[in-house]
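# Architecture at a glance
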Number of protein chains: 2
Amino acid sequence: MENISSAKSVYPVNLFEIRLMTTNTNPARGMRDFLPDAVRKRNYVIGIIREVYEKYGFEPLETPSIENLSTLTNKYGEEGDQLMFKILKRGQKLEKQLKREDAKENDLTDLALRYDLTVPLARVIANYRHELPRFFKRYQIQPVWRADRPAKGRYREFYQCDVDAIGSKSMLVEAELISAVSEILERLGFKDFAIRINHREILIGLLKAFNFTTEKYADVLTSLDKLDKIGVDGVRDELQEREVDQQASKDIIKYFDIMVGPEKLPRMPGSHRAEPNVRKIHNGMQLTHASLKSNDQLTRGISELEKIVELLGYEKDSPPTEIDLRLARGLSYYTGAIFEIVLTKGDFAGSIGGGGRYDGLIGMFGKEEVPAVGFSLGLERILYVMEERGMFPDNLRTNLVDVLVTVWNEESAGESLKLANELRQNGLRVFVYPQADKLGKQFKYADQINVEYVCVLGDNELAENTVSLKNMKTGEQETIAREEVSEKIKITR
Amino acid sequence: MENISSAKSVYPVNLFEIRLMTTNTNPARGMRDFLPDAVRKRNYVIGIIREVYEKYGFEPLETPSIENLSTLTNKYGEEGDQLMFKILKRGQKLEKQLKREDAKENDLTDLALRYDLTVPLARVIANYRHELPRFFKRYQIQPVWRADRPAKGRYREFYQCDVDAIGSKSMLVEAELISAVSEILERLGFKDFAIRINHREILIGLLKAFNFTTEKYADVLTSLDKLDKIGVDGVRDELQEREVDQQASKDIIKYFDIMVGPEKLPRMPGSHRAEPNVRKIHNGMQLTHASLKSNDQLTRGISELEKIVELLGYEKDSPPTEIDLRLARGLSYYTGAIFEIVLTKGDFAGSIGGGGRYDGLIGMFGKEEVPAVGFSLGLERILYVMEERGMFPDNLRTNLVDVLVTVWNEESAGESLKLANELRQNGLRVFVYPQADKLGKQFKYADQINVEYVCVLGDNELAENTVSLKNMKTGEQETIAREEVSEKIKITR
């Protein structure tokens with residue numbers, strides 16, 4: 001049996017009973033319906049993302065929505081395991097568990113919905129490594145699911161737009177990815193975005209220099225990341241709560257606040273300004289300080305950042321990149337450069353994406369480590385800001401249909417279809433009014449769906465091989481030869 | 001917290017442990033990974049479907065993957081309820097159920113994955129009826145999930161491409177939908193498709209005339225639908241097994257086999273042949289037979305089919321439509337015309353989609369009945385046949401990237417990025433080799449990824465502001481002025 005034929009006879013006959021049973025017509029909690037206008041906006045943004053990534057040689061990948069539970073568990077920490085949507089076992093396997101008295105959560109489920117696009121990518125690379133090119137540049141734009149508490153701007157089904165370059169350790173990859181992401185945001189019309197970069201080895205080097213113990217690294221960086229928001233006192237209180245060594249905390253807060261505070265951040269928004277900025281990193285960091293002087297990790301991190309900055313300097317319009325030594329970003333799996341894309345102005349300032357190098361993660365399903373760098377764009381946030389700022393082009397809605405063809409009466413309905421057919425063959429998008437209503441009603445409908453032209457094909461027009469064409473914007477109406485209609489509409493489009 | 005930042009710190013630090021735990025890298029049972037070539041083929045077909053539907057004025061709709069369980073249960077019959085992927089409750093709600101000793105399946109789940117696109121459409125129309133236009137023409141191309149036993153060509157996640165016109169009872173809608181679907185199949189390159197049409201009221205009229213009891217209607221039609229495959233004897237045996245009245249069975253088998261057997265099916269593949277064909281329906285059905293003469297349903301069904309056939313006759317290239325009085329198609333919810341799209345030739349003959357009028361179903365979530373006609377195309381089946389028949393255009397793969405830019409050495413890597421940047425600004429799709437390998441290796445890679453041009457930017461070229469351009473197909477290599485590269489590549493594209 002084909003999938004297609006299994007659609008047969010699936011609905012029970014008695015529709016009335018169904019109606020009585022079903023009253024809630026809202027989408028499920030945290031889920032959204034996308035009516036046509038919303039789909040067009042989503043497709044517009046996704047279209048630009050695809051186009052730019054393909055211009056950079058990235059190829060599309062799609063993975064299934066459902067993964068084996070064992071593929072996903074223990075990959076996202078305890079919180080992730082809790083927020084995962086898990087799928088109930090079926091048939092006999094479920095019955096067996098239901099009969100047990102002590103069945104636990106994991107006895108009842110064998111599958112789960114995709115939680116992000118990175119773990120599936122790692123699985124795909126391990127599974128098809130002999131079919132994939134040595135340098136696999138892939139983008140993936142698909143929904144993921146998380147059973148988070150829904151809130152403004154936070155949904156339980158949302159799209160991630162990931163781009164990853166697998167297989168090279170060269171900083172060329174970082175530079176090219178920053179360019180690609182930057183081009184996407186420019187094409188979408190963002191003027192106030194910045195790509196903040198930092199390096200994991202710089203952070204680890206600093207933590208080592210300030211004598212923190214390894215197990216406190218994540219705590220310290222998570223807190224320092226908030227220096228802007230909660231201030232020196234806030235960070236100190238948080239670190240105390242997390243039982244981090246007090247002297248080390250005091251020292252690093254001072255260092256971050258005074259030496260690399262936001263006003264002293266080296267910035268390089270223009271092009272060909274790479275070199276002076278790199279020098280500024282050194283100065284700003286006061287590497288003359290004894291404990292920082294001969295720190296291998298620090299040196300390596302700085303030299304990689306320098307290389308990225310240098311490469312970006314070759315671009316005609318260098319992406320708006322900023323070094324931000326406090327940027328932490330999910331330190332757990334990043335191994336090199338880390339990025340955060342932010343909007344800098346107005347009510348919508350904040351993160352719209354991020355990424356970094358993670359040379360260890362991809363190998364988790366395979367036998368060997370595979371170097372990788374990636375970016376993830378937050379589609380839902382981008383759409384929200386674009387909506388609020390009015391950044392969508394006007395013609396997403398108005399150019400949907402070029403012309404509405406009216407139906408004069410039941411007898412001539414076929415003639416209306418024939419005209420529509422001719423117009424479509426000339427490349428026009430045509431809406432045929434679907435029944436023989438009064439003409440006024442049909443014009444009113446054309447107005448509602450915002451179509452620019454209406455064709456009337458009455459008895460006279462049919463007899464004379466003409467069409468009455470009304471421009472709904474200007475109100476002008478004229479009777480023209482039938483073969484001229486398409487040209488007329490196209491010219492003014 | 002934004003979705004985007006919840007990607008932070010979700011991976012545990014110790015990647016080595018993960019690697020030890022995870023060995024199976026296959027997609028879950030019945031699920032598929034789509035590598036880039038497969039995605040391009042899927043997007044090519046989906047692109048044509050979207051383009052044609054939009055040309056006919058249909059608008060895109062998307063609904064969430066997850067629906068409330070109560071929205072989906074009891075809509076697809078017992079089999080559907082079993083094949084649905086249900087989602088485990090979470091947090092305290094789950095804990096409460098796990099503590100019970102007598103928890104049943106439905107106590108453990110509150111959500112399920114979308115099973116088709118029709119029930120979500122009905123929910124959407126009930127929920128947004130004041131925002132949607134009076135005639136809502138929507139298409140929806142999204143995956144659905146069924147826990148069917150996987151088999152060749154049958155998957156547990158597969159796409160449906162639905163198109164539905166809501167709000168009119170006119171046969172114009174049927175005719176236009178048949179045209180749209182037909183245009184899609186032509187654009188995809190199918191030469192041997194036919195759209196078989198029948199009418200539920202004709203079927204019900206015949207069943208009544210042959211004195212079947214109402215509760216046996218579905219059984220009889222399901223069996224008669226197989227007359228071609230299992231023959232007269234097979235149908236008789238099946239009906240006997242299902243305890244259908246023997247005399248009535250004998251009579252109707254005779255009628256279907258002799259009066260409307262396949263060799264006598266009225267066909268109307270050309271245009272403007274509507275009228276004679278309609279007359280053939282009457283003759284073929286032998287309506288002079290007493291029990292068929294004054295049968296209201298039969299008369300209404302025939303008159304509606306006549307109208308559809310007449311309207312299709314106006315098209316310049318009339319869609320290849322065939323009347324097939326044995327077509328049954330999920331009778332449970334269809335109320336008027338029913339369609340099946342079939343391929344007629346070779347190993348891949350069979351159904352690739354279907355549809356019909358269902359004036360009762362959409363209303364199941366609302367207070368009033370809403371007329372509707374729809375088609376569903378089986379994307380997976382279409383892709384499979386196109387692959388087997390070699391119907392995809394060659395340039396889906398080869399036109400992916402226009403040119404590969406090599407990297408001469410680490411020092412000049414920035415210059416390669418700069419050149420790539422220039423070429424992209426001229427509209428080319430450019431792959432920058434991601435590190436400074438030996439040139440031979442880079443050329444070999446260009447060959448593997450099937451790119452037509454390779455740019456070499458060595459010390460000489462840089463000094464002279466030139467580029468060495470190699471055509472990988474012809475082997476020709478020439479050194480040309482840098483500003484001419486894009487033109488050169490575009491001309492031959």
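Use the structure listed above.
### Points about the overall build of chain A
A count of helical and extended segments in chain A gives 20 helices and 17 strands. Scored against the burial criterion, the 493 residues of chain A give a buried share of 61%. Taking the contacts inside chain A whose residues are at least 6 apart along the sequence as the reference set, 68% of them involve residues at least 24 apart. Put simply, chain A shows about 20,500 Å² of open surface, and 46% of that area lies on carbon and sulfur atoms.

### Some thoughts on the pairing of strand S10 (residues 337-343) of chain A
Residues and elements named next belong to chain A. Counting buried residues along S10, 7 of its 7 residues qualify, which places the element largely inside the surrounding structure. In S10, alternate side chains face the same way, and those of Ala337, Phe339, Ile341 and Leu343 on one face and Ile338, Glu340 and Val342 on the other are all buried. Examined bridge by bridge, strand S7 (residues 193-199) and S10 share 7 bridges and lie antiparallel to one another. Paired with Ala194 across the strands is Val342, a residue of S10. Between S10 and strand S11 (residues 350-357), which follow one another and run antiparallel, lie 6 residues, and Gly346 among them has a positive phi close to 75 degrees.

### Details of the sheet that holds strand S14 (residues 430-432) of chain A
Residues and elements named next belong to chain A. Read across the sheet, 5 strands follow the order S14-S13-S15-S16-S17 without closing on themselves; strand pairing throughout is mixed. Two strands in the sheet have a free side with no partner beyond their single neighbour: S14 and strand S17 (477-481). Averaged over neighbouring strand pairs, the angle between their axes works out to 30 degrees when direction is ignored. In the packing of helix H17 (residues 413-425) onto the sheet, the strands contacted are strand S13 (403-405), S14, strand S15 (453-456) and strand S16 (466-471), and the crossing angle to S14 comes to about 170 degrees.

### Digging into the interface of chain A and chain B
Facing the 152 residues of chain A at the interface are 153 residues of chain B. When chain A packs against chain B, the two sides together hide about 13,700 Å² of surface, and 56% of this comes from carbon and sulfur. In this assembly, chain A and chain B are joined by 8 salt bridges. For the salt bridge of Asp33(B) with Arg123(A), the shortest nitrogen-to-oxygen distance reads 2.8 Å. Inspection of the region where chain A meets chain B yields 36 residue pairs in polar contact (both at pLDDT 80 or more). In terms of residue count, H17(A) provides more of the side of chain A that touches chain B than any other element does, 8 residues in total. Tallied by class, residues from the side of chain A that touches chain B come to 69 nonpolar, 36 polar and 47 charged.

### Section: the packing of helix H9 (residues 217-224) of chain A against helix H10 (residues 227-241) of chain A
Residues and elements named next belong to chain A. Running from N to C, H9 and H10 cross one another at 145 degrees; their axes reach a closest spacing of 8 Å. Residue-level inspection shows Asp219, Val220, Ser223 and Leu224 of H9 in contact with H10, the latter providing Leu227, Val235, Glu238 and Leu239. The residue makeup of the contact of H9 with H10, split by class, is 5 nonpolar, 1 polar and 2 charged.

### Quick notes on the side chain of Gln142(A)
All names here are of chain A. Among the secondary structure elements, Gln142 is positioned in strand S5 (residues 136-145). According to the relative accessible area criterion, Gln142 is buried, its value standing at 9%. Within the local environment of Gln142, its side chain forms a polar contact with the side chain of Arg114, the two groups lying 3.2 Å apart. With residues near it in sequence (within four places) discarded, Gln142 still touches Leu61, Glu62, Thr63, Arg114, Leu117, Phe158, Tyr159 and Gln160.

### Observations regarding the packing of aromatic side chains
Counted by the stated rule, this structure contains 20 aromatic pairs over all chains. Residues Tyr433(A) and Phe135(B) carry aromatic rings whose centres are separated by 5.1 Å and whose planes lie at 85 degrees to one another, so their mutual orientation is edge-to-face. With Tyr433(A) in the loop between S14 and helix H18 (439-448) and Phe135(B) in the loop between helix H6 (118-127) and strand S5 (136-145), this pair bridges two chains. Each member of the pair, Tyr433(A) together with Phe135(B), is buried. Between Tyr53(B) and Phe58(B), the ring centres sit 5.9 Å apart and the planes meet at 65 degrees, which makes this aromatic pair edge-to-face. In this pair, the class of Tyr53(B) matches that of Phe58(B), namely buried. The ring of Phe431(B) has Lys137(A) sitting right over it, with the charged end atom 4.2 Å from the ring centre. When the ring centre of Phe443(A) is taken as origin, the NZ or CZ atom of Lys470(A), which lies over that ring, is 4.9 Å away.

### Quick notes on unusual backbone geometry
Apart from glycine, the bulk of residues carry a negative phi angle, and the bulk of peptide bonds sit in the trans form. Residue and element names in this part refer to chain B. In the Ramachandran plot, Asn211 falls in the positive-phi region, its phi being about 65 degrees despite a non-glycine side chain. By the element assignment, Asn211 lies in the loop between helix H8 (200-209) and helix H9 (217-224). Of the residues examined, Asn211 reaches a relative accessible area of 64% and is grouped as exposed. Although it is not a glycine, Asn450 adopts a positive phi angle of roughly 70 degrees. With respect to the helices and strands, Asn450 occurs in the loop between helix H18 (439-448) and strand S15 (453-456). Asn450 gets classed as partly exposed once you look at its relative accessible area, which sits at 39%.

### Notes on the relation of the copies chain A and chain B
With an RMSD of 0.1 Å, chain A superimposes on chain B once it is rotated by 180 degrees and translated 0.0 Å along the axis. A rotation of that kind, with that shift, is consistent with a two-fold axis. Among all residues of chain A, the one whose C-alpha sits closest to the rotation axis is Ile87(A), at a distance of 2.2 Å. Most of the interface of chain A is mirrored in chain B: 100% of its interface residues are interface residues there too.

Scoring rules and cut-offs
Residues numbered from 1 in each chain as written. Chains lettered and ligands numbered in written order. Predicted model: local features only at pLDDT ≥ 70, side-chain atom pairs only at ≥ 80, totals over all residues. Heavy atoms only, no water. Helix = DSSP H or I, 4+ residues; strand = E, 2+ residues; numbered from the N terminus. Buried < 20%, exposed > 50% of the residue type's maximum accessible area, 1.4 Å probe, protein only. Contact = heavy atoms within 4.5 Å. Areas by Shrake-Rupley, 256 points an atom, 1.4 Å probe, with all protein chains shown as cover. Pairing = 2+ DSSP bridges. Axes fitted to C-alpha atoms, helices over the stretch in contact; angles between N-to-C directions. Buried area = accessible area lost by both parts, 1.4 Å probe. Salt bridge = Lys/Arg side-chain N within 4 Å of Asp/Glu carboxyl O. Polar contact = N/O pair within 3.5 Å; in protein donor to acceptor, adjacent residues only side chain to side chain. Nonpolar A, V, L, I, M, F, W, Y, C, P; charged D, E, K, R; others polar. Phe/Tyr/Trp six-rings, centres within 6.5 Å; stacked < 30°, edge-to-face > 60°. Lys NZ or Arg CZ within 6 Å of the ring centre and 35° of its normal. Least-squares fit on C-alpha atoms with pLDDT ≥ 70 in both.

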